[in-house]
Amino acid sequence: MITQIIEELKKNTDDLYKAILDDIEDVKKANHESLVARNNIKVELMETLAKNKEELNLQLANEYEDGKDISIYKDAIDELELDLRKLYETNGKLAAIVLPVREMYKDIIEEITQINGGQLVEIRA
């Protein structure tokens with residue numbers, strides 16, 4: 001059971017990593033449609049990761065309480081941790097690309113709003 005959960009976590013981590021790499025490429029190409037379409041998939045993957053992490057912790061605790069040797073899972077869990085770190089770092093790269101663009105758009109909107117007397121769009125009758 002624990003091995004299956006670890007494998008599921010690894011698969012979800014890998015799928016999420018690939019999605020983030022695709023996001024980085026789509027941001028560079030300004031391919032917004034693909035970014036939006038992939039967002040729901042990433043949310044589902046993150047929810048599954050969280051659920052499986054909780055299940056893994058529960059199963060490890062149960063085996064430990066039953067007196068079983070859980071050190072047999074150490075290598076697989078260490079590898080999973082490395083994959084999660086790589087995912088975290090790659091997500092940070094995406095954020096480093098997206099956040100400045102977000103700030104730029106925010107600044108542009110604020111500037112237009114100030115020019116138009118507090119409204120984003122000037123309406124003339």
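Conventions and cut-offs
- Residues numbered from 1 in each chain as written.
- Predicted model: local features only at pLDDT ≥ 70, side-chain atom pairs only at ≥ 80, totals over all residues.
- Heavy atoms only, no water.
- Core = buried A, V, L, I, M, F, W, Y, C linked by side-chain atoms within 4.5 Å.
- Buried < 20%, exposed > 50% of the residue type's maximum accessible area, 1.4 Å probe, protein only.
- Helix = DSSP H or I, 4+ residues; strand = E, 2+ residues; numbered from the N terminus.
- Contact = heavy atoms within 4.5 Å.
- Axes fitted to C-alpha atoms, helices over the stretch in contact; angles between N-to-C directions.
- Parallel < 35°, antiparallel > 145°, perpendicular 65-115°, else oblique.
- Left-handed = near helix turned anticlockwise from the far one by under 90°.
- Nonpolar A, V, L, I, M, F, W, Y, C, P; charged D, E, K, R; others polar.
- pLDDT = per-residue confidence, 0-100.
- Salt bridge = Lys/Arg side-chain N within 4 Å of Asp/Glu carboxyl O.

Caption draft 1: Inspection of the nonpolar core at higher detail. Ile2, Leu9, Leu16, Ile20, Leu56 and Leu87 are the most contacted members of the largest nonpolar core, which has 16 residues in total. Going through the elements one at a time, helix H1 (2–29), helix H2 (32–65) and helix H3 (74–115) are the ones with two or more residues in this core. Take this core: its biggest share by element is eight residues, from H1. Residues contacting leucine 87, with those up to four places away along its chain left out, are Thr13, Leu16, Tyr17, Ile20 and Leu49.

Caption draft 2: Representation of the packing of H1 against H3 within the structure. Where H1 contacts H3, the two axes come as close as 9 Å, and the packing angle between them is 20°. Of the possible angle classes, the one that applies to H1 and H3 is roughly parallel. Crossing angle aside, the handedness with which H1 passes H3 is left-handed. Residue classes in the contact of H1 with H3 are distributed as 16 nonpolar, three polar and seven charged.

Caption draft 3: Representation of unusual backbone geometry in the model. Backbone geometry places alanine 30, a non-glycine residue, at a positive phi of 55°. Its place among the elements puts alanine 30 in the loop between H1 and H2. Take alanine 30: its relative accessible area is 46%, and that puts it in the partly exposed class.

Caption draft 4: Spatial organisation of the confidence of the model for the protein chain. Summary statistics for the protein chain give a mean pLDDT of 88 and a share of 92% for residues scoring 70 or more. The secondary structure element of the protein chain with the lowest average pLDDT is H3, at 86, and the one with the highest is H1, at 94.

Caption draft 5: Fine view of the pattern of salt bridges. Summed over all chains, the structure comprises nine salt bridges. A salt bridge links aspartate 14 to lysine 18; its shortest N-O distance comes to 3.1 Å. With aspartate 14 and lysine 18 both in helix H1 and four residues apart, this pair spans about one turn of that helix. Between lysine 42 and aspartate 23 there is a salt bridge whose closest N-O contact spans 2.2 Å. With a gap of 19 residues between them, lysine 42 in helix H2 and aspartate 23 in helix H1 connect regions that are remote in the sequence. Each member of the pair, lysine 42 as well as aspartate 23, is classed as buried. Here the salt bridges do not stand alone but share partners, grouping Asp23, Asp26, Arg38 and Lys42 into one network.

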